[in-house]
Amino acid sequence: MDELLTNPVFQAAVIPFIAALVAGLILNRLGSHGVGVIIVIGFLFCAWLIVDFKLSPLTSTRKIILLGAIAAFTGVVLDIYPLSRRYIPYILFTTGAIAALWIIWPVLVRKEAGEFWFMATGSCIYAGWMMVSMDRLRIMPIRAGSAALALGVGTGLSAVMGASALLGQLGSSVAAASGAYLLLALFFPNQSAGSALTIPVAMLSGLLGIAANVYATLPWYTLPLLAIIPLLACIPLPEHKPLLLKMVLLVLATMPAAIGAIIITWGVEGAPPI
Amino acid sequence: MRKMILGFVLSCLPFAVFAAKENYTIDPLHTFPNFTISHLGFSTMHGRFGNTTGKLTMDTANNTGSVEVAIDATSVDTGYKKRDDHLRSPDFLNATEFPEITYKSTKVTINGDKAIVEGNLTIKGVTKPVTLDVQRIHCGSNPMKKEEYRCGFDATADIKRSNFDVTFALPAIGDDMRLMFEVEAIRD
């Protein structure tokens with residue numbers, strides 16, 4: 001059993017998938033809103049296996065895990081007590097930007113002015129954009145799930161190529177849990193996504209991408225490719241076609257950007273050192 | 001007269017102590033922390049850090065001293081760039097976030113050409129006590145540069161990387177690490 005629990009594929013794919021699936025089955029049976037929270041549940045199982053939930057020392061990776069959990073909680077609260085939509089995009093963008101600054105602050109403070117502003121601005125825009133663009137998908141469960149899957153695959157595998165298996169595993173767990181979410185959607189067509197899916201997925205994908213760039217060697221120009229995934233998830237779909245077909249079309253639409261990011265990173269950085 | 005002699009001796013005492021305690025600056029060109037670690041149980045991998053700075057004091061009169069060393073974590077080198085990038089990443093040293101590995105002695109006991117150095121090693125922001133076993137202490141003038149006086153020694157310590165929050169890929173990649181320091185320092 002110990003051998004299984006220390007196996008990277010088991011930690012980053014099998015366990016998050018099973019955890020999300022079981023949580024999703026329970027929440028769907030209860031007829032609960034915000035089933036999208038199961039993605040972060042899968043992620044947290046992976047985080048527990050590979051990093052533990054210690055908060056000291058508070059490294060960038062632990063900050064990301066903490067923010068993922070807080071984002072999920074915030075998403076659930078927003079689903080239960082919706083706020084006026086008017087200011088939500090601004091609040092989300094600012095939250096993402098502040099979170100990004102917190103993650104990279106130990107590096108930023110050592111940078112010269114030019115590099116400081118370049119890194120700070122780029123990171124804030126990327127994290128903020130992820131929050132706002134994913135939020136648009138909260139009422140479109142299949143689109144949100146497909147975007148989460150592509151973001152998880154793209155961020156996770158790019159991070160592995162970019163010399164951080166740890167960040168890669170965390171990203172991949174988002175993909176695995178998103179796979180469980182999409183699978184459940186086939187059996188529970190009314191399954192909701194909500195802010196419980198979009199806020200934590202956006203927060204985690206944004207911050208993992210930034211961390212892989214700043215703390216490992218993920219090339220910065222893969223991030224714009226990952227950033228268009230939420231847009232690709234908005235492609236027009238045939239109205240009266242089966243759910244499975246819509247799902248396949250969405251995965252086909254979003255996955256090229258993720259695969260592009262992986263191929264670029266592989267081209268620049270080469271295969272991971274095993 | 002006795003009081004005068006005693007007074008003279010007492011007034012000279014601080015100078016005598018000062019003379020016995022010498023300050024040294026680490027020579028980064030001849031100081032390299034090395035490490036070994038088991039790779040998946042198949043072989044023992046060797047690596048080193050290229051940039052080290054620090055200060056030593058040697059109090060030969062009292063057989064003690066102090067050590068304060070800062071190692072540039074980004075200078076890790078195993079002879080393979082991709083692996084070095086991985087070692088610098090958050091998986092292992094997280095060198096961008098924690099660019100320095102430091103060691104600061106708390107107690108030094110010199111015994112001839114050997115010494116035991118007790119102190120605190122900090123990796124990734126985690127500080128743990130580590131004892132260095134110092135061998136072959138040798139001090140003297142540099143044969144290539146007579147006016148320069150230097151001391152050198154070899155030191156070893158065994159640590160568990162998991163104690164320093166470096167837990168990635170345990171237990172496949174070994175937990176036990178041997179640290180080996182080749183140190184030279186120039187008298188100030």
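Conventions adopted
- Residues take numbers from 1 onward in each chain, read along the sequence in its written order.
- Key to labels: chains lettered from A, ligands numbered from 1, both in the order written.
- Given that the model is predicted, a residue must reach a pLDDT of at least 70 before its local features are reported, and side-chain atom pairs must reach 80 or more before they are shown or counted; all residues, however, enter totals for whole chains, interfaces and linings.
- Heavy atoms throughout the structure, all of them, feed into the side-chain values; hydrogens and water do not.
- Buried residues of nine kinds, namely Ala, Val, Leu, Ile, Met, Phe, Trp, Tyr and Cys, make up a nonpolar core once their side-chain atoms join them within 4.5 Å.
- Each residue is assigned to one of three classes by its accessible area relative to the maximum for its type, calculated with a 1.4 Å probe on protein chains only: buried under 20%, partly exposed between the two thresholds, exposed over 50%.
- Here a helix means four or more residues in a row that DSSP labels H or I, a strand means two or more in a row labelled E, and each is numbered from the N terminus.
- The contact rule is simple, with two residues in contact once any of their heavy atoms fall within 4.5 Å.
- Should a side-chain nitrogen of Lys or Arg be within 4 Å of a carboxyl oxygen of Asp or Glu, the pair is scored as a salt bridge.
- Multiplying 1.5 Å by the helix residue count minus one yields the expected span of that helix.
- Note on aromatic pairs: the rings of Phe, Tyr and Trp (six-membered ring only in Trp) are paired at centre separations within 6.5 Å, and the planes decide the class, stacked below 30 degrees, edge-to-face beyond 60, tilted for the rest.
- For a ring to carry a charge above it, either NZ of a lysine or CZ of an arginine must fall within 6 Å of the ring centroid while also lying within 35 degrees of the normal to the ring plane.
- Geometry is summarised by axes, namely lines fitted to C-alpha atoms with helices restricted to the contacting stretch, and by angles between N-to-C directions that run from 0 to 180 degrees.
- For this classification, under 35 degrees means roughly parallel, over 145 means roughly antiparallel, 65 to 115 means roughly perpendicular, and everything else is oblique.
- Take the far helix as the reference: if the near one is turned anticlockwise from it by less than a right angle, the crossing is left-handed, and if turned clockwise, right-handed.
- Amino acids are sorted into nonpolar (Ala, Val, Leu, Ile, Met, Phe, Trp, Tyr, Cys and Pro), charged (Asp, Glu, Lys and Arg) and polar (every other residue, Gly among them).
- When two parts are brought into contact, each loses some accessible area as probed by a 1.4 Å sphere; the total of that loss over both is the buried area.
- Any pair of N or O atoms that falls within 3.5 Å is considered a polar contact. Within protein, one atom must be able to donate a hydrogen and the other to accept it, and sequence-neighbouring residues count only if both atoms are side-chain atoms.
- A pair of strands is labelled paired if DSSP reports no fewer than 2 bridges between them.

## Comments concerning the nonpolar core
- L197 of chain A together with L121 of chain B are the most contacted members of the largest nonpolar core, which totals 129 residues.
- The element that contributes the greatest number of residues to this core is helix α9 (residues 195–215) of chain A, accounting for 14 residues.
- Not counting residues within four places of it along the chain, the set of residues in contact with L121 of chain B comprises I101, T102, Y103, V126, T127, K128, V130, I159, F164 and L179 of chain B.

## Observations concerning the pattern of salt bridges
- Across all of its chains, the model carries 16 salt bridges over all chains by this definition.
- With its nearest N and O atoms 2.4 Å apart, the salt bridge here joins D135 of chain A to R85 of chain A. Separated by 50 residues along the polypeptide, D135 of chain A in helix α6 (residues 113–135) and R85 of chain A in the loop between α4 (60–80) and α5 (88–108) bring together distant segments of the chain.
- Here D135 of chain A falls in the buried class, since its relative accessible area comes to 5%.
- Two residues, R88 of chain B and D85 of chain B, come together in a salt bridge whose shortest N-O distance is 2.9 Å. Linking R88 of chain B with D85 of chain B, this pair stays in helix α2 (residues 81–88), spanning three residues, or about one helical turn.
- Residue class for R88 of chain B comes out partly exposed when judged on its relative accessible area of 22%.
- Its relative accessible area of 9% is what places D85 of chain B among the buried residues.
- Each of D27, K145, E148, R150 and E184 of chain B takes part in one network of salt bridges that share partners.

## Brief notes about α4 of chain A
- If you check α4 of chain A, its first and last C-alpha atoms are 30 Å apart, about what 21 residues at 1.5 Å a residue would give, namely 30 Å.
- S60, T61, R62, K63, I64, I65, L67, G68, A71, A72, G75 and L78 of chain A are the residues of α4 of chain A that are buried.

## A few points about the packing of aromatic side chains
- Under the definition given, this model contains six aromatic pairs over all chains.
- Arranged with centres 5.1 Å apart and planes meeting at 75 degrees, the rings of F116 of chain A and W117 of chain A form a pair that is edge-to-face.
- Residue F116 of chain A is classed as buried on the basis of its relative accessible area of 18%.
- With relative accessibility at 55%, the residue W117 of chain A sits in the exposed group.
- Ring centres 5.7 Å apart and planes at 80 degrees place the aromatic pair W220 of chain A and Y221 of chain A in the edge-to-face group.
- A network of ring pairs unites the aromatic residues W105, F116 and W117 of chain A as a single cluster.
- Just above the ring of F32 of chain B sits the side chain of R48 of chain B; from NZ or CZ to the centre is 4.0 Å.
- Residue placement shows R187 of chain B over the ring face of Y149 of chain B; its charged tip is 4.0 Å from the ring centre.

## Points about unusual backbone geometry
- Between S56 of chain A and P57 of chain A the backbone carries a cis peptide bond, its omega angle lying at -5 degrees.
- For P57 of chain A, the position within the fold is in the loop between α3 (38–50) and α4.
- In this chain, L170 of chain B is followed by P171 of chain B through a cis amide linkage whose omega measures 0 degrees.
- Examined against the element boundaries, P171 of chain B turns out to sit in the loop between β10 (145–160) and β11 (176–187).
- Even without being glycine, R136 of chain B reaches a positive phi, approximately 55 degrees.
- Position of R136 of chain B among the secondary structure elements: in strand β9 (residues 126–142).
- In this structure, A169 of chain B is a non-glycine residue whose phi angle is positive, near 60 degrees.

## Overview of the packing of helix α2 (residues 8–29) of chain A against α3 of chain A
Residues and elements named next belong to chain A.
- Following both chains from N to C, one finds α2 and α3 inclined at 140 degrees, their axes separated by 8 Å at the closest point. As far as their axial angle goes, α3 and α2 are oblique. The handedness of the crossing between α2 and α3 is right-handed. Contact residues: Q11, A12, I15, P16, A19, A20, A23, G24 and L27 in α2; I38, I41, G42, F45, C46, L49 and I50 in α3.
- Here the contact of α2 with α3 is composed, by residue class, of 13 nonpolar, three polar and no charged.

## Quick word on the interface of chain A and chain B
- At the junction of the two partners, chain A supplies 28 residues and chain B supplies 21 residues.
- Summed over both partners, the interface of chain A with chain B buries about 1700 Å², with 56% contributed by carbon and sulfur atoms.
- R62 of chain A is the salt-bridge partner of D165 of chain B, the closest N and O atoms lying 2.8 Å from each other.
- At the boundary of chain A and chain B, one finds nine residue pairs in polar contact (both at pLDDT 80 or more).
- At the level of secondary structure, the elements contributing two or more residues to the side of chain A that touches chain B comprise α4, α5, α8 (165–187) and α9 of chain A.
- If you tally residues by element for the side of chain A that touches chain B, the top one is α8 of chain A, at four residues.

## Considering the pairing of β10 of chain B
All names here are of chain B.
- When β9 meets β10, the two strands line up antiparallel, connected through eight bridges. By the bridge assignment, N142 is partnered in β10 with K145.
- Of the pairings in the sheet, the one linking β10 to β11 comprises 11 bridges and is antiparallel in character. Within β11, the position partnered with K160 by the bridge is D176.

## Examining the side chain of T36 of chain B
- Looking at the element boundaries, T36 of chain B is found in strand β2 (residues 32–39).
- Every residue in contact with T36 of chain B, bar those within four places of it in the chain, is listed here: T44, M45, H46, D176, M177, R178 and M180 of chain B.

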